[in-house]
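# Secondary and tertiary structure notes
For reference, the chains in residue letters:
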Amino acid sequence: WDVTGLELENYLSNQMDIYLEVTKSKIKDFPAGVQRLLIVMAVVPNALDVSMLKALMDKKLDTFQESTILKLLKVATNEGMLMFSANEKGHVLSHDIVRQASLQIEPKADMENLLINISDALLIQAKSREMEWCRFLAVDILNSIASNKINRVDLVKLNLEVSKVARREVNLGKENEMLQIAQTLLTVSGMCWIDYHLTLEVYNALILSCYSLGDFDRANAAIDEVIKHGKSSEDKLAAYSYQLFCKCDHTRDYRTITEEGVRILNKYGYAVPLSPTKAYMIKEQAKLKISLGSCSYSCLINLQVTHEPIILLFVHVMRCALFSSQERLLKILAWKAISFAARKGVDKSFPVVLATLGASFAKEGKVKTAHVVGNTALALSEKIQDDKEMYALARMMTYSSIISQLHSFRSVSHHLLQCHEDLKVTGNNEGALGSMLNHFHAIFAGGLELGPRLESKLRVAEEICQDKTSYSFMITFQMLRQFAFNLRKSTERPTEFEGGAFNIKERLKEMSGENHYMALRDSSSYQLQLAFIFRDENKMAAMLSILSRYPLIDQSVARLHNRLCFMGFAAITLCRRKGSKNFHKMG
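This text gives an overview of the structure that appears in the document. Because the structure is predicted, anything quoted here is derived from the model rather than measured.

## Structural notes on the layout of surface pockets
- Of the pockets and cavities examined, the second largest pocket occupies roughly 320 Å³.
- Looking at the second largest pocket, it is lined by 15 residues, and the ones nearest its centre are Q285, L288, K289, Y297 and W335.
- For the lining of the second largest pocket, the secondary-structure elements that each account for two or more residues are helix 14 (278-291), helix 16 (327-344) and helix 18 (367-381).
- In terms of residue count, the dominant contributor to the lining of the second largest pocket is helix 14 (four residues).
- Tallied by class, the residues present in the lining of the second largest pocket amount to eight nonpolar, four polar and three charged.

Shown next as C-alpha cells:
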C-alpha cells in the first residue's frame, strides 16, 4: 500500500459508504416486521427483552405478539443483523453500520412518526426508577425531531421533568443540557414569559444548574432575566440568592457580601440590623425562647421537612458572616431562621443553618452548646439525604468545626472525606475543597500515617484547584505537601519552605490583602511545627512573633489544634532564654 495517510483515510471512508449502502439494500429486502424491529433496536440501544420490544414495536400493542417477535429476532440474527450478547443478556445490533442503515431506510416523514410512537411507548414504560432511562431516551428522541407534530410547550415540561431526575441522580451535565433545550424551546415557541410560571420554573432551575457547574456567565444571564420579568419579590428570591452566591465566588469579599445579603433579607421584612446592639441581641434571644417553647435546640429534630427557599439565602449570608467574624450578626440571622422554621417547618438547607450556628458557638469556646446544636444538625441532615449537597455541607461543617472538639481527629477524617466526595459530584467546588482540606488537617492532627501516598493525594487536590481556579485552596494544599515532604525527607534546611511544592518567598510576593494574611498565618504555623520537631530555636522565635499577631481562633478545629499545640510547645521550649517573659506568657 504505497499511499499517503489521507488517501488511506479517503479509501476507508468510501468503503464504509459502500458497506452502508449494501446493508441498507439488504434491510429493505427483509419483511416489514424485521425492518421495524431493526429500527426500534437502532433507536433504543439497550438490550431489550421481548415484552419491551412488543411495547415499542407498535403503539396499539396488538400487531406484534411475543411469539412473532421471537421469530423476527431469529430471522434478523440468521441474516447477521443481530447477535446475542451474553453480557447484555439479550440481542444487540451486530455492527454500528447496521444501526446507521436501519435509521435511513424509512422516508423522513414516516421516520418522524415512528420516532414519536417509540417515544410515547418509552414514556409509558417509565413508571419506576429502574425504568427512568426510558424517560431520558424518549426526551432525547423528541428533542432530535424538528417537527410541528410535537407540542413544544409539552416538550419544555418534559425536559424540565427529566432535568429534575438528572439532578437527583447527580448527572449535572445532563440536567444542564435539558434545561438549555427547554429555554431554547420556550424562546422558539414564543411562550417565553407568556407562560409565566413555566418560564420562571425553567429559569430558576437553569440558574441553579449553571451555578453548580461554575458557569457564572450563563447563571448571571438567567438571573437578570428573572429579576427583569419576575412579578413579585417571592418570584425573584432564587435569583437574588444566586446573584449573591455568584458575587461571593468571584470576589471572596465576605463582609461586603454579608451586607448585601442583609439588605436582600430586609426586602422580605426581616429587619436585620447590620450592627446589632447588645439590647437587640437580648430581645431576639427572648423571641427565640418563645419560638422554641423554652426547650433546647434539640426540639427542632421533630419538625417536618418543607420547602422554604428563603432559608437558603439565610444559609449563605450566615456563612459569609461567619467567615468575616461578624458573630453577633450571625446569631441574629440564625435565630430568625430558627423562629421561622419553628412556625413553618425545616427547609432542606436548614441543617446548614444549625451547623453554622454551632460552628460560631464552637469558635467562642461554648463547647456544650455547640455540640447540642451540632448533633441537632446531624439528626436533621438524616431527613434530607435526597438533597446530597445540603446533607454533605451540613455534615462537613459539623464534623470539622464542632464534633472534632470532643472526638478524635482520626474518627472524623473519613467523614470529611465522604463529604468531599458528595460535594464534588453535586458541583459545590468550594465545599468539596473545604472538606478535603479539613480531611488533611485531621490526618496531621490525628497522627495518621504520612508518606508518598499522602503527598500524591495532596498533588491531586492541587490539580483540582487548578481546574476550578481556586487559588487560595491550591496554595494551602501546596503548603501541606511541602510540610509533609520536609517531615519525610532529609534536607539541609528542613524548617524552610523552599521546595518544589511551595516556595514561601515567591508565593507571598504574589499575594495581597486577605489571601496574603491567611497564607502568612498558615505557612508560619507549618514552619513553627517543623522548627519544634527539628529543634531550630531561632526559627521558633521568628514564627512565634508572627503568629502572636493572629487571633487564637479558627473555623477548622484540627488546624487550630495543630497551631496552638506547637505554639505552646515552642513557647515553653524558649522560656529558658533570657528575656523570655513574652514566651512564658504565650505558653
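## Some remarks on the nonpolar core
- Y297, I310 and F350 are the most contacted members of the largest nonpolar core, which totals 153 residues.
- With eleven residues, helix 15 (residues 310-323) is the single largest residue contributor to this core.
- Residues M436, L437, A461 and A571 belong to the second largest nonpolar core, which totals 43 residues.

## Comments concerning the environment of T277
- By secondary structure assignment, the location of T277 is in the loop between helix 13 (254-267) and helix 14.
- Each C-alpha atom, one on T277 and one on L329, is 9.6 Å from the other, the two residues being 52 residues apart in sequence.
- Among the polar contacts made by the side chain of T277, one reaches the main-chain amide nitrogen of Y280 at a distance of 3.1 Å.

## Side note on the packing of aromatic side chains
- Applying the stated criterion across every chain, the model contains 17 aromatic pairs.
- When the centroid spacing of 5.3 Å and the interplanar angle of 55° are considered together, the rings of F444 and F483 count as tilted. Of this pair, F444 sits in helix 21 (residues 429-445) while F483 sits in helix 23 (residues 471-488), and the two are 39 residues apart along the sequence.
- Note on F444: relative accessible area 14%, which makes it buried.
- Given a relative accessible area of 3%, F483 falls into the buried group.

## A few points about the state of the cysteines
- Under the definition given, this model contains zero disulfides.
- With no disulfide of its own, C248 lies closest to C320 among cysteine sulfurs, the gap being 3.8 Å.
- You can see C465 has no disulfide; the closest cysteine sulfur is in C248, sitting 17 Å from it.

## Examining the packing of helix 12 (residues 237-251) against helix 13
- Contact geometry for helix 12 and helix 13: axes closest at 10 Å, N-to-C directions at 175°. Classed by the angle they form, the pair helix 12 and helix 13 counts as roughly antiparallel. Mapping the contact onto sequence places Y240, L244, K247, C248 and T251 in helix 12 and Y254, I257, E260, G261, I264 and K267 in helix 13.
- Residue composition of the contact of helix 12 with helix 13, by class: six nonpolar, two polar and three charged.

## Side note on empty space enclosed by the protein
- Evaluation of the coordinates by the stated rule reveals two cavities of 30 Å³ or more.
- Of the voids in this model, the largest cavity is the one considered here, and its volume is about 50 Å³.
- As for the largest cavity, its lining consists of R521, D522, S525, Y526, Q529, D554, R559, N562 and R563.
- Listing elements by their share of the lining of the largest cavity, those giving two or more residues are helix 25 (513-533) and helix 27 (557-573).

## Some details on unusual backbone geometry
- Even without being glycine, A271 reaches a positive phi, approximately 50°.
- Inspection of the secondary structure assignment puts A271 in the loop between helix 13 and helix 14.
- In this structure, S294 takes a positive phi of about 60° despite not being glycine.
- Here S294 is to be found in the loop between helix 14 and helix 15.

## A word on helix 12
- The first and last C-alpha atoms of helix 12 sit 21 Å apart over 15 residues, in line with the 21 Å expected at 1.5 Å per residue.
- For helix 12, the set of buried residues is L237, A239, Y240, S241, Y242, L244, F245, C246, C248 and D249.
- Packing partners of the buried residues in helix 12 comprise helix 10 (196-212), helix 11 (216-229), helix 13, helix 15 and helix 21.
- After helix 12 finishes, the residue R252 shows a positive phi value of roughly 60°.

The rules behind each value
- Residues numbered from 1 in each chain as written.
- Predicted model: local features only at pLDDT ≥ 70, side-chain atom pairs only at ≥ 80, totals over all residues.
- Heavy atoms only, no water.
- 1 Å grid on protein atoms, 1.4 Å probe; cavity = no way out; pocket = protein on both sides within 12 Å on 5 of 7 lines; lining within 4 Å.
- Points joined across faces, edges and corners; volume = space filled by probe spheres on them.
- Helix = DSSP H or I, 4+ residues; strand = E, 2+ residues; numbered from the N terminus.
- Nonpolar A, V, L, I, M, F, W, Y, C, P; charged D, E, K, R; others polar.
- Core = buried A, V, L, I, M, F, W, Y, C linked by side-chain atoms within 4.5 Å.
- Buried < 20%, exposed > 50% of the residue type's maximum accessible area, 1.4 Å probe, protein only.
- Polar contact = N/O pair within 3.5 Å; in protein donor to acceptor, adjacent residues only side chain to side chain.
- Phe/Tyr/Trp six-rings, centres within 6.5 Å; stacked < 30°, edge-to-face > 60°.
- Disulfide = S-S within 2.5 Å.
- Axes fitted to C-alpha atoms, helices over the stretch in contact; angles between N-to-C directions.
- Parallel < 35°, antiparallel > 145°, perpendicular 65-115°, else oblique.
- Contact = heavy atoms within 4.5 Å.
- Expected span 1.5 Å × (residues − 1).

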